[in-house]
Amino acid sequence: MQLLDGKALSKTIQKEIKTAVEQRIQEGKKRPHLAAILVGTDGASQTYVGHKVKMCKAVGFQSTLLQLESDTSQADLIKHIQQFNENEDIDGFIVQLPLPKHIDVNTITEAIDYQKDVDGFHPQNIGRMAQNSPCFLPATPAGILELLARNKIETSGKECVVIGRSNIVGRPMSLLLSRNNYPGNCTVTLCHSRTQDLAVHTRRADILVVALGKPEFITADMVKEGAVVVDVGITRVADASRKRGYRLAGDVKFDEVAPKCSYITPVPGGVGPMTVIMLLLNTLRASDKE
Ligand SMILES: NC(=O)c1ccc[n+]([C@@H]2O[C@H](COP(=O)([O-])OP(=O)(O)OC[C@H]3O[C@@H](n4cnc5c(N)ncnc54)[C@H](OP(=O)(O)O)[C@@H]3O)[C@@H](O)[C@H]2O)c1
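Residues numbered from 1 in each chain as written. Predicted model: local features only at pLDDT ≥ 70, side-chain atom pairs only at ≥ 80, totals over all residues. Heavy atoms only, no water.

Here the focus is the sheet that holds strand S2 (residues 33-39). Strand pairing in a sheet relies on backbone hydrogen bonds. The paired strands run either parallel or antiparallel. Strand order across the open sheet formed by three strands is S3-S2-S4, with parallel pairing between neighbours. Single-partner strands in this sheet number two, and they are strand S3 (62-68) and strand S4 (92-95). Across the sheet, the mean angle from the axis of one strand to that of its neighbour is 15°, orientation sign disregarded. Strand direction decides the pairing type here: S2 and S3, joined by seven bridges, are parallel. Bridged to Leu-34 within S3 is Ser-63. Where helix H3 (residues 74-86) meets the sheet, its contacts fall on S2, S3 and S4, and the angle it forms with S2 comes to roughly 180°. (Pairing = 2+ DSSP bridges. Helix = DSSP H or I, 4+ residues; strand = E, 2+ residues; numbered from the N terminus. Axes fitted to C-alpha atoms, helices over the stretch in contact; angles between N-to-C directions. Contact = heavy atoms within 4.5 Å.)

As structure tokens, this is what we get:
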């Protein structure tokens, strides 16, 4: 069994981005600029956005964080988005999800200029992704592709099972792995909460991508010998033995599943660090368009 070490790979890519930024500055170009809008005070969202800002600094990007009150109206949020769309200095920006209940996420996603949509959630980017045309790929699935590619994992002709059909992870993952590309060319099955006999599907999987958000849901009896297992899940589970009172758990029962795998991602240190780095890579690409 080999670990798909997202932490180590993300550090390698971080260095590559930093070098590319230094090169840009030497050529007299401006620093890539990533902006983020955070609505409300959700603790996890604040942590994620804070980490993104910190990572911008680490690679030499400029960053802007706009923090809005949780009762900000949808119309006001759209006004801020339009300002970011028009701000020529901002190469790319994100609106941190989840949004408060009174705001419609699809309306907000569509208000973002798709050429600045470095999260890759705009319908233009999703459509282009499906057509295999140039676009911003959603960060988490893109990070998984990068983990597969840089570990030279064969995907062509493989049976791939994705669990979870969210717009940000499962559905784009299933599209990407079915494209006529490397990594891709898989025969993909997309499973969700209405799937019957889930284990019948998972046991066939050469590549199993798990993104349902249920800690330790996938057990050894559900996994094929020699499978590649990618665990996207991150759930805070109460743990009194930890100083912070919780631990992060994946969707896969790592200890019993890992011995059966050819490759597996750990949680934490697998998919998570790759997600942030792919957001930075998208921003670097956005700045290259100038
Ligand atoms: N590592 C990262 O960077 C990263 C990034 C994003 C998300 N995540 C984590 O990944 C997990 C999934 O996130 P998400 O946003 O995709 O979640 P989500 O929007 O809640 O979607 C969960 C999906 O799992 C399906 N599901 C739920 N229970 C199931 C079951 N018993 N059997 C089969 N399918 C089931 C749901 O089916 P229905 O559609 O039928 O409801 C849904 O499609 C979460 O733990 C999240 O924190 C990690």
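A few words now on the pairing of S4. On any regular strand, side chains alternate: one points to one face of the sheet, the next to the other face. The two faces of S4 match: Gly-92 and Ile-94 on one face and Phe-93 and Val-95 on the other face are all buried. Summarising the sheet, S2 and S4 pair through four bridges and their orientation is parallel. From the neighbouring strand, Leu-34 faces S4, where its bridge partner is Gly-92. (Buried < 20%, exposed > 50% of the residue type's maximum accessible area, 1.4 Å probe, protein only.)

Looking now at the site of the ligand. In the neighbourhood of the ligand, 20 residues make up the surrounding shell, with Arg-165, Ser-166, Ser-193, Ile-234 and Thr-275 lying closest. Note that a nitrogen atom of the ligand is positioned 3.4 Å from one of the backbone N or O atoms of His-192. Between the ligand and Thr-275, the relevant distance is 2.7 Å, taken from an oxygen atom to a side-chain nitrogen or oxygen of the residue. With the chains in place, 71% of the 930 Å² that the ligand exposes on its own is no longer accessible. Examining the composition of the shell around the ligand, we find that three residues originate from one element, helix H10 (residues 271-288), more than from any other. In terms of residue class, the shell around the ligand is built from nine nonpolar, nine polar and two charged. (Near = heavy atom within 4 Å. Polar contact = N/O pair within 3.5 Å; in protein donor to acceptor, adjacent residues only side chain to side chain. Areas by Shrake-Rupley, 256 points an atom, 1.4 Å probe, with all protein chains shown as cover. Nonpolar A, V, L, I, M, F, W, Y, C, P; charged D, E, K, R; others polar.)

If you trace the six strands from one edge of the open sheet to the other, you get S1-S11-S8-S7-S5-S6, paired in parallel fashion. For this open sheet the edge positions go to strand S1 (2-3) and strand S6 (187-191), each flanked by a neighbour on one side alone. Where S1 and strand S11 (residues 263-264) come together, two bridges link them in parallel fashion. Along S11, the bridge assignment pairs Gln-2 with Tyr-263.

Moving on, we get to the packing of aromatic side chains. Where two aromatic rings form a pair, the distance of their centres and the angle of their planes describe that pair. Within the structure shown, the criterion is met by one aromatic pair. For the ring pair Phe-84 and Phe-93, a centre distance of 5.3 Å and an interplane angle of 85° mean the geometry is edge-to-face. Classification of Phe-84 as buried rests on a relative accessible area of 10%. Residue Phe-93 is classed as buried on the basis of its relative accessible area of 0%. (Phe/Tyr/Trp six-rings, centres within 6.5 Å; stacked < 30°, edge-to-face > 60°.)

Locating Asn-125 in the fold gives a position in helix H5 (residues 123-131). Judged by relative accessible area, which is 2%, Asn-125 ranks as buried. Not counting residues within four places of it along the chain, the set of residues in contact with Asn-125 comprises Tyr-114, Asp-117, Gly-120, Cys-135 and Phe-136.

Our focus in this paragraph is a negative patch on the surface. On the surface, Glu-216, Asp-221, Asp-255 and Glu-256 cluster together into a negatively charged patch. Structurally, Asp-255 is set in helix H9 (residues 254-257). Residue Asp-255 is classed as exposed on the basis of its relative accessible area of 70%. (Patch = residues over 30% accessible without salt bridge, like charges linked within 9 Å, V, L, I, M, F, W, Y side chains within 5 Å. Salt bridge = Lys/Arg side-chain N within 4 Å of Asp/Glu carboxyl O. Lys, Arg positive; Asp, Glu negative; His and termini not counted. Charge placed at Lys NZ, Arg CZ, Asp CG, Glu CD.)

What follows is about unusual backbone geometry. Note that the residue after Leu-97, namely Pro-98, is joined by a cis bond; omega there is 0°. Structurally, Pro-98 can be placed in the loop between S4 and helix H4 (105-111). Val-267 connects to Pro-268 through a cis peptide bond whose omega is 0°. One can find Pro-268 in the loop between S11 and H10. Even without glycine at this site, Glu-216 takes up a positive phi of about 55°. For Glu-216, the position within the fold is in the loop between strand S7 (207-210) and strand S8 (228-231). Residue classification places Glu-216 among the partly exposed positions, given a relative accessible area of 34%.

Once that is clear, we can look at the pattern of salt bridges. The final tally for this structure, using the stated rule, is ten salt bridges. A salt bridge links Lys-18 to Glu-22; the nearest nitrogen and oxygen atoms lie 3.8 Å apart. On the criterion of helical spacing, the pair formed by Lys-18 and Glu-22 is a turn pair, its members being four residues apart in helix H1 (residues 6-26). In this structure Lys-18 comes out as partly exposed when scored by relative accessible area, which is 37%.

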